[in-house]
Amino acid sequence: MRLSRRALLAAGGATASAVLTTGPAGAARTGAAEEEPIDDFDVLLGRAEALLTGGAFDPSDPDFAAGVAALDGAAGALWDTLDRTAGRTALWPDLAPLTEPGNFGQSYTRLRTLAVAWATPGTALSGSGETADVLLGALRFAHDTAYHPSARETGNWWFWEIGAPRALMDCCVLLRERLPAADLADYLAVVDRFCPDADRRTNSPTLPETGANRTDKAVIVALRGLLGTNADKMASARDALSDVRDAGRNSLFRYTTSGDGFYEDGSFVQHSVVAYTGSYGTVLLGGAAWLLSLLAGSAWAVTDPAVSVMYEAVERSFVPVIFDGLMMDAVRGRAVSRERAGDHRDGAAAVAAILLLATGAPAGPAERWRALVKGWLTRNRTTPFTSLATLPQLALAKAVLADGEVRPAPRTTGCSVFADMDRVVHRRPGWACTLSLSSKRISAYEAGNGENLHGWYTGDGMTYLYDGDDLGQYNDGFWPTVDPYRLPGTTVDTRPREDLGTGAGTSTYRPPNAVAGGAALDGRYGAAAMELIGAPGSSLRARKAWFLFDNTVVALGAGITSDGGHPVETVVENRNLGADGRHRLLVDGVPCPGTGAPERARWAHIEGVGGYVLPGGAALRSLREERTGSWRAIDTGADTGGSTDPVTRRYLTLWLDHGPSPDGADYAYVLLPGASAAATAVWSASRPVRVLANDTTAQAVEDRRTGLTAVHFWTAGTAAGITASGPATVLVRRRGARVSVAVADPGRTGASVTVGLPFTVRGVVEADDTVGLVPGRRPSLTVAVGGSRGHTHRAELVR
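1. Observations concerning unusual backbone geometry
No. 1: The omega torsion of the bond from Ala96 to Pro97 falls at 0°, within 30 degrees of zero and hence cis.
No. 2: Secondary-structure assignment places Pro97 in the loop between α5 (62–81) and α6 (101–118).
No. 3: Positive phi, close to 55°, is recorded for Asp522, a residue that is not glycine.
No. 4: For Asp522, the location among the structural elements is in the loop between β15 (516–521) and β16 (525–533).
No. 5: For Arg789, which is not glycine, the phi dihedral falls at a positive 55°.
No. 6: Checked against the element boundaries, Arg789 lands in the loop between β37 (780–783) and β38 (793–798).

2. Here's the deal with the packing of helix α4 (residues 41–53) against helix α12 (residues 277–295)
No. 1: Contact geometry of α4 with α12 gives a least axis separation of 9 Å together with a crossing angle of 145°. α12 is crossed by α4, and the crossing has right-handed handedness. Contacts between α4 and α12 involve Leu44, Arg47, Ala48, Leu51 and Leu52 from the first element and Trp290, Ser293, Leu294 and Leu295 from the second.
No. 2: The residue makeup of the contact of α4 with α12, split by class, is seven nonpolar, one polar and one charged.

3. Considerations on the packing of aromatic side chains
No. 1: Within this structure, the stated rule accounts for 26 aromatic pairs.
No. 2: Summarising the aromatic geometry, the rings of Phe41 and Trp300 are spaced 5.3 Å apart at their centres and angled 40° between planes, so their arrangement reads as tilted. Within this pair, whereas Phe41 is found in helix α4, its partner Trp300 is found in the loop between α12 and α13 (308–318), the two being separated by 259 residues in sequence.
No. 3: Given a relative accessible area of 7%, Trp300 falls into the buried group.
No. 4: On the numbers, 5.0 Å between centres and 80° between planes, the contact of Tyr474 with Phe478 is edge-to-face.
No. 5: Aromatic ring contacts, followed pair by pair, group Phe323, Tyr464, Tyr466, Tyr474, Phe478, Trp479 and Tyr651 into a single cluster.
No. 6: Its guanidinium or amino end placed over the ring of Phe759, Arg799 lies 5.1 Å from that ring's centre, counting from NZ or CZ.

4. So, the sheet that holds strand β5 (residues 274–275)
Two strands in a sheet stick together by hydrogen bonds in their backbones, pointing the same way (parallel) or opposite ways (antiparallel).
No. 1: Strand order in the open sheet formed by three strands is β3-β4-β5, with antiparallel pairing between adjacent strands. A strand with exactly one partner marks an edge of an open sheet, and here the two such strands are β3 (261–262) and β5.
No. 2: Relative to strand β4 (residues 268–270), β3 runs antiparallel, the two sharing two bridges. By the bridge assignment, Phe262 is partnered in β4 with Phe268.

5. Some words on a positive patch on the surface
No. 1: A contiguous patch of positive charge on the surface is contributed by Arg600, Arg602, Arg687 and Arg704.
No. 2: Among the residues examined, Arg600 registers a relative accessible area of 54% and is labelled exposed.

6. Side note on the sheet that holds strand β33 (residues 738–744)
No. 1: Read from one edge of the open sheet, seven strands run β27-β28-β29-β32-β33-β38-β35, paired in antiparallel fashion. Sheet topology places β27 (689–694) and β35 (763–767) at the edges, where each strand pairs with a single neighbour. On average, each strand axis in the sheet is tilted by 15° relative to the strand beside it, whichever way the strands run.
No. 2: Two strands pair when backbone bridges link them, and strand β29 (residues 708–713) and strand β32 (residues 728–735) are joined in this way by six bridges, in the antiparallel orientation. Residue pairing across strands places Thr709 opposite Val732, the latter belonging to β32.

About the thresholds
Residues numbered from 1 in each chain as written. Predicted model: local features only at pLDDT ≥ 70, side-chain atom pairs only at ≥ 80, totals over all residues. Heavy atoms only, no water. Helix = DSSP H or I, 4+ residues; strand = E, 2+ residues; numbered from the N terminus. Axes fitted to C-alpha atoms, helices over the stretch in contact; angles between N-to-C directions. Left-handed = near helix turned anticlockwise from the far one by under 90°. Contact = heavy atoms within 4.5 Å. Nonpolar A, V, L, I, M, F, W, Y, C, P; charged D, E, K, R; others polar. Phe/Tyr/Trp six-rings, centres within 6.5 Å; stacked < 30°, edge-to-face > 60°. Buried < 20%, exposed > 50% of the residue type's maximum accessible area, 1.4 Å probe, protein only. Lys NZ or Arg CZ within 6 Å of the ring centre and 35° of its normal. Pairing = 2+ DSSP bridges. Patch = residues over 30% accessible without salt bridge, like charges linked within 9 Å, V, L, I, M, F, W, Y side chains within 5 Å. Areas by Shrake-Rupley, 256 points an atom, 1.4 Å probe, with all protein chains shown as cover. Salt bridge = Lys/Arg side-chain N within 4 Å of Asp/Glu carboxyl O. Lys, Arg positive; Asp, Glu negative; His and termini not counted. Charge placed at Lys NZ, Arg CZ, Asp CG, Glu CD.

What follows is the structure, encoded as structure tokens:
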């Protein structure tokens, strides 16, 4: 099927691709006066089709040819295996019986792929009458056999209320000119049964939909409204974004302070307790951008001024966790176990959502986003965006890459403490370090529906080190092959664990500790801490802290105690070397084969990765090994389950062994990302960053180069000359006559904390209204931390 000339002109000027490259808002202004909003359902259906297929483009254009070929290949494989016989019991042999929710849900998704190929120029199925007839018959078969209004929800609710209806409505949009009226009526009826609105969970009518689920359902209701020419449904979809029904309580355009949604500090939470920017957050952003674009300039356009929250979320929530186009795994939840949804693919989805949102955003932020995206796409040669993007996404990216006025932005730098989701991201020009923490507020992991079976320790302080020259570290078979008991940055007892999430539904685990988080100073430096309390069945306890500076990450541990009899280890590094990696390991300048434990190592270096310093020396154990696993071993989900094909990768692991039942053990190590072996040796000898305290009262370091001292106080005490009246994270930086101070209470246990400084302070230059100063030779700051949810309080002082 092809768009009519009328639809093309009204939807986006000369071609439907204008919907994607210049934005529907601009297109609508071109085609109609602003006081005459579009209320023509056919016009908006044409726009919806363009958003699904990429609109009008030349399939011979090299920029689109690869996308067309990829679509053609995927559709061709599905077409060849589709059962078209009269006596069929399923549409595909591997999705039988069709009555299983996962099977009919995936069947609709496959039918959508075929419908997109049919509606896209250049594919083998494009415009084929036979293909259209087969698709219409398949849709009817799926309806009569499995997905109809009289069916009862079983299994995973998502297939019934989101997955199947969205794919079904997309198919109806693409096939609408051939779709019999009676069939369309039946399909609209089934959507009315399982997704009548975006406000409530259909199988639990008292449960309001939130976050990404609300967005998904709003899109479904809008498409149902267009296909059924139902203005009330269109208004319902629009109003669901703002949650008009419940006075904005679950609006997508508001900052939340608990539960699901965007937080003002940039955090994004879904399922109440899971850090999920990179999965559900991306779905929310993409769905909102899609619906804003679909409705722009129409009688149902979104006019809620609070939509600016969505624009702010791009810069607060997404930009810090996208590294050269990939999405950081620390915010992808159980999606890390999905073979077909690696960090590059989820990153590409976020990039596409940002570009689509930019088509209707104010000029200032839209220009910044395009520059950021151009930087990401031009730097990422490991997994090019063009190899992952759909045709609509390619259209958006091509417009940016071809625009000579858009200059690629450099990598984002700075330190972000996402207190509301227990994540810390520290970014420097060539690398980034991300900490995945957990507490009684934020889950250590999410599993369920057969996903993330070995995610036990992903929230126990896992430390992700991103290198601009090694963008494949976590995307190249990492999760099925890494030793899940030796994730970098974690302190773990090695007792055997059972697979997680093997039953229906999702499960989370929130440890009972209060402390997880930290403080950031000047947007450049950070300190973080986590009280580690082992999962049920483990007696492991530890106090862990990280200090994040210009070219240095210092990791400290104290009070490591366990009586379980299992060896306890702190993992300094567990680097994926790829299928053939032979990276050289030096320990104190001597080549090491990768298996051993020098009695008193002071530093180590992994070729192409960086340096590792052990202040005072420690017995550093190392292991070079080849590990084989499969994606199926960590994900058996109905629509996400991986293959059983063996995956083999080489690893180089460095760790500190605390013995089987440590009592008050500690550790200290320093990461020097990207440093050469020579630079690592010099750093170890000169120690520009010193450890000043490492016990169960306080952990502290001093960077003499920058005048920065950072302390995490577990209790009231003194460290590095700084005092605290109670638990707090404190950073102090002296620069001439100026002193910058940042204070947070990541445990959220106190109403206020008093911090004493070991030098004279004459007064305040500026400070948050929660900070009070008593100046003098022994000055003190009183910080009202109560109710601030672990966020940082700042003051600029003068000596």
